[in-house]
Amino acid sequence: MQKITVAIDGFSSTGKSTIAKQLAKALGYIYVDTGAMYRAVTLFAMRNNLMGAGVNNQSTLIKLLPKINLKFVYNDELGFAEMYLNNENVEKQIRTLEVSKNVSPVAAIEEVRFKLVEMQKKMGKEKGIVMDGRDIGTVVFPDAELKLFMTASAEKRASRRYKELLDRGDDVSYEEVLKNVQDRDYLDSHREFSPLKLAPDAIEFDNSDMGLKEQFERIFNYAERVINKKDAQ
Ligand code: DC
């Protein structure tokens, strides 16, 4: 069976990573959460006092980029790879609302994107990968055999994210989470470099009113069809 590349893009909190993880597991592929990489760079910037209302010291962050070492380490118990920043497991720290509030301006910096996109391209060289993010089908893997673009209403997405944060024990309000989702939608789609946009050959997938099981079945079906077609060629 030939291996393909699956690119999953879309708005924040559309459940991209949940579906990407399930699909990768079912196909026996690698899963890469590129949002975790942008979040880790943001955590680094916050820890080094480079953030204010946006990135207040962009040139320092750019200068420090070679000192930011990112890697994914597979956790057998959890069944997915966790993000390490300079050899520290930061999987929990990168998922806070504070990091979500700071990540869009960091992800808009051309040099940051250049570094992370290079790493992502290397990870997908051998195919057999499911990668999720904002520019995977447009910039990282424009030749991906299967591209999905996930959407859902901002309110639905904010409710899902709010529940996740409450389950973690974070002290947040629904309104704050909704505002963050809306702000990130705007910033991620309007930035100059690699904005979030629908690739012409991507399948638009609105999961506002769809359970996980149905989503997985449909998406697995798309993948099977693409793989079978490739095998038959
Ligand atoms: O997928 P996520 O919500 O964890 O991503 C966090 C932020 O990182 C998101 O607001 C935009 C940015 N991002 C990006 O610009 N490009 C990617 N490929 C992945 C994420």
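Just so it is clear, the structure is predicted and the values come from calculations on it, not from any experiment.

What follows concerns the overall build of the protein. Of regular secondary structure, the protein possesses 9 helices and 10 strands. Relative to the compact-globule value of 17 Å for 233 residues, the protein shows a C-alpha radius of gyration of 17 Å, a close match. The dimensions of the protein, computed from C-alpha atoms along their principal axes, are 55 × 40 × 35 Å. In the protein, which comprises 233 residues, the proportion classed as buried is 48%. For the protein, the share of sequence-separated contacts (at least 6 apart) that also reach a separation of at least 24 residues comes to 73%. Counting only carbon and sulfur atoms, one obtains 51% of the accessible surface of the protein, whose full area is about 11,700 Å². Charged side chains in the protein number 35 positive and 35 negative. The centres of these two groups are separated by 3 Å.

Our focus in this paragraph is the sheet that holds strand E7 (residues 88-89). Spatial ordering of the open sheet is given by E5-E6-E7, a layout of 3 strands whose pairing is antiparallel. Because the sheet does not close on itself, it has two edges, and the strands there are strand E5 (70-75) and E7. The sheet contact formed by E5 and strand E6 (residues 80-85) spans 6 bridges and is antiparallel. Considered in E6, the bridge of Tyr74 is made with Ala81.

Turning to the environment of Arg95, a few remarks are in order. Positionally, Arg95 belongs in the loop between E7 and helix H4 (97-107). For Arg95, a relative accessible area of 21% gives the class partly exposed. Sequence separation between Arg95 and Ala36 is 59 residues, and the spatial gap between their C-alpha atoms is 8.3 Å. Once residues lying within four places of it in the same chain are set aside, the contact partners of Arg95 are Asp33, Ala36, Arg39, Arg161, Leu165 and Arg168.

This part is about helix H1 (residues 16-27). It helps to recall that an α-helix has 3.6 residues per turn; residues three or four apart then point in one direction. Compared with an ideal rise of 1.5 Å per residue, which puts 12 residues at 16 Å, H1 spans 16 Å between its outermost C-alpha atoms and is within 8% of the ideal. Buried residues in H1 make contact with strand E1 (5-10), strand E2 (30-33), strand E8 (129-133), strand E9 (146-151) and helix H9 (212-232). Gly28 lies just past H1 and shows a positive phi near 75 degrees.

The next subject is the site of the ligand. Contacts to the ligand come from 15 residues, most closely from Arg39, Arg113, Asp135, Asp188 and Arg191. Arg134 is positioned with one of its side-chain polar atoms (N or O) 3.0 Å from an oxygen atom of the ligand. Contact distances for the ligand include 2.8 Å between an oxygen atom and a side-chain N or O atom of Arg191. Among the elements that make up the shell around the ligand, the one with the highest residue count is helix H2 (residues 34-47) (4 residues). Across the shell around the ligand, the residue classes tally to 4 nonpolar, 4 polar and 7 charged.

So, on to the nonpolar core. Counting 35 residues, the largest nonpolar core has Val41, Leu61, Ile68, Leu70, Met83 and Val112 as the members making the most contacts within it. For this core, the secondary-structure elements that each account for two or more residues are H2, E6, H4, helix H5 (110-123), E8 and helix H6 (136-140). The biggest single contributor to this core is H2, with 8 residues. Apart from the residues lying within four places of it in its own chain, the contact partners of Val41 are Leu61, Leu65, Ile68, Leu70, Val106, Val112 and Leu116. Ala20, Tyr29, Phe205 and Tyr222 belong to the second-largest nonpolar core, a separate cluster that totals 20 residues.

Once that is clear, we can look at the packing of H4 against helix H8 (residues 174-190). Following both chains from N to C, one finds H4 and H8 inclined at 20 degrees, their axes separated by 9 Å at the closest point. With respect to their mutual orientation, H4 and H8 come out roughly parallel. Of the two elements, H4 crosses H8, and the hand of that crossing is left-handed. Along its contact with H4, which presents Leu97, Ser100, Lys101, Val103 and Ser104, the element H8 presents Glu176, Asn180, Arg184, Leu187 and Asp188. Counted by class, the contact of H4 with H8 contains 3 nonpolar, 3 polar and 4 charged residues.

The rules behind these values
Residues numbered from 1 in each chain as written. Predicted model: local features only at pLDDT ≥ 70, side-chain atom pairs only at ≥ 80, totals over all residues. Heavy atoms only, no water. Helix = DSSP H or I, 4+ residues; strand = E, 2+ residues; numbered from the N terminus. Rg over C-alpha atoms; globule rule 2.2 N^0.38 Å. Buried < 20%, exposed > 50% of the residue type's maximum accessible area, 1.4 Å probe, protein only. Contact = heavy atoms within 4.5 Å. Areas by Shrake-Rupley, 256 points an atom, 1.4 Å probe, with all protein chains shown as cover. Lys, Arg positive; Asp, Glu negative; His and termini not counted. Charge placed at Lys NZ, Arg CZ, Asp CG, Glu CD. Pairing = 2+ DSSP bridges. Expected span 1.5 Å × (residues − 1). Near = heavy atom within 4 Å. Polar contact = N/O pair within 3.5 Å; in protein donor to acceptor, adjacent residues only side chain to side chain. Nonpolar A, V, L, I, M, F, W, Y, C, P; charged D, E, K, R; others polar. Core = buried A, V, L, I, M, F, W, Y, C linked by side-chain atoms within 4.5 Å. Axes fitted to C-alpha atoms, helices over the stretch in contact; angles between N-to-C directions. Parallel < 35°, antiparallel > 145°, perpendicular 65-115°, else oblique. Left-handed = near helix turned anticlockwise from the far one by under 90°.

Keep in mind these numbers describe shape, not what the thing actually does.
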